[in-house]
Amino acid sequence: MVTSNEARAEPKRSKPALEPLPKVTVGARLARFARAAWPPALLLVFIWFVWWFATAQGWVKPYLVPTPGQVWDRLIQDWSSLMYHSYVTLYETVVGFLLASVLGLATALAIASSKAVEKTLYPIVLFAQVIPKIAIAPLIVVWAGNDLAPKIILAVLIAFFPVVVSGVAGLRSTDPELLDLSATMGASRWQTFRKIRFPNALPHLMAGEKVAVTLAVVGAVVGEFVGASEGLGYQLMVANGNLDAPLLFAALILMSIIGIVLFVIVEVLEALLIPWHASRRSAMPLTTS
């Protein structure tokens, strides 16, 4: 039988210390990047090989599909000119995307906060979205002039709708019990929005932003198709008019690179803003972030 003195003498068991979370090293990041990058890289190599083989065998006319070597030579030959036109398109895309993000989020806030605003504004937003932008592009050029403004406006119009839809879906996905709890604790509407509603809406909103940033490239190029003297869209029109297939493919490749880089930037921003979300812990991320 254990006496009281022996019970006092028995040392207290200490709780096991929590092990610190392992730090992600640079090597681990590089390994993850390699695992994520090799499948698309392998696919690109396969596409390049098929392209090269088809053109080398003469299966397609050279003025329709040039060889990879011809496209590369054209990129080197017109490098400075293509970089200038790429900068113009990139500038129009980024400005249009940022404006679309701000206006789209403000519209989503208005729609999600009031049923009356939703019934009034949402049908107009939907009506504006279903109008083909290429159909109103000449009118926008007439109204806004022939400089950068109409291209930015078209980028905003095309990128605006995904931000609104994703923002409304995210703001409405907040758990009502959390909203009731914040109201019970005396939180203001701004505090509730900043601490609960906006962080909860970020996963939906970032998904819309990734769609919008790629559509902004399309909007800028559509504006350059209609009326422009610079930009990759203008280069495409010149190449098409002159049957210059190498220049056409070079401009398309640069346009695709712009869209991919902007998409990856938004993806990295998403990883920084919502590292806690389940989509960031999945085994199959969209990019290497």
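A brief structural summary. What you see is a predicted model; the values in this text were computed from it and never measured.

The subject of this paragraph is helix 6 (residues 133-144). Count 3.6 residues to each turn of an α-helix, and residues three or four apart come out pointing the same way. Among the residues of helix 6, those classed as buried are K133, A137, I140 and V141. One side of helix 6 holds all its buried residues, which, seen down the axis, span an arc of 100°. In helix 6, the exposed positions that point more than 90 degrees away from the buried face belong to A135, V142 and W143. The inward-facing, buried residues of helix 6 contact helix 5 (115-130), helix 7 (149-172) and helix 9 (189-226). Two residues or fewer past helix 6, G145 is found with a positive phi of approximately 95°.

Right, let's talk about the side chain of T55 for a bit. Secondary-structure assignment places T55 in helix 2 (residues 26-56). In this structure the side chain of T55 is engaged in a polar contact, spanning 2.9 Å, whose partner is the backbone oxygen of W51. Apart from the residues lying within four places of it in its own chain, the contact partners of T55 are V60, V65, P66, T67 and P68.

Let us now look at the nonpolar core. Grouped together as the largest cluster of nonpolar side chains are 31 residues, with contacts concentrated most on L82, F97, V217, L232 and M255. Of all the elements in the fold, those that place two or more residues in this core are helix 3 (68-77), helix 4 (79-113), helix 7, helix 9, helix 10 (232-241) and helix 11 (245-273). When residues no more than four places from it in sequence are discounted, the contact partners of V217 are T93, M255, I258, G259 and L262. The next biggest cluster of nonpolar side chains, apart from the first, holds eleven residues, and it includes A108, V164, F193 and A201.

Running from amino to carboxyl end, helix 10 crosses helix 11 at an angle of 160°, the nearest separation of the two axes being 8 Å. On the basis of the axis angle, helix 10 is roughly antiparallel to helix 11. Both helix 10 and helix 11 take part in a crossing whose hand is left-handed. From helix 10, L232, Q235, L236 and A239 reach across to helix 11, where they touch L247, L248, A251, L252, L254, M255 and I258. For the contact of helix 10 with helix 11, the class distribution of residues is ten nonpolar, one polar and no charged.

Parameters at a glance
The written sequence of each chain sets the order in which its residues are numbered from 1. In keeping with the predicted nature of the model, local features appear solely for residues at pLDDT of at least 70, side-chain atom pairs appear and are counted solely at 80 or more, and the whole-chain, interface and lining totals rest on all residues. Here the side-chain values reflect all heavy atoms present in the structure, with hydrogen atoms and water set aside. Relative accessibility thresholds used throughout: buried, under 20% of the residue-type maximum; exposed, over 50%; partly exposed, between the two (1.4 Å probe, protein chains only). Runs of E in the DSSP output that reach at least two residues are strands. Runs of H or I that reach at least four are helices, and both are numbered from the N terminus. What the arc measures is the spread of directions leading from the helix axis to the C-beta atoms. In this analysis, two residues are considered to be in contact whenever any of their non-hydrogen atoms come within 4.5 Å of each other. In protein, a polar contact means a hydrogen-donor-capable atom and an acceptor-capable atom, both N or O and within 3.5 Å, with residues adjacent in sequence counting only if both atoms are side-chain atoms; elsewhere, any N or O pair within 3.5 Å suffices. We call a set of buried residues a nonpolar core when its members are Ala, Val, Leu, Ile, Met, Phe, Trp, Tyr or Cys and they connect through side-chain atoms within 4.5 Å of each other. The axes used here are C-alpha line fits, helices contributing only the stretch in contact, and every angle between their N-to-C directions lies in the interval 0 to 180 degrees. Roughly parallel means an angle under 35 degrees; roughly antiparallel means over 145; roughly perpendicular covers 65 to 115; every other angle is labelled oblique. Crossing chirality is assigned from the near helix's rotation relative to the far helix, an anticlockwise turn below a right angle marking it left-handed and a clockwise turn marking it right-handed. Residues are grouped as follows: Ala, Val, Leu, Ile, Met, Phe, Trp, Tyr, Cys and Pro are nonpolar; Asp, Glu, Lys and Arg are charged; every other residue, Gly included, is polar.

On their own, these measurements won't tell you what the molecule is for.
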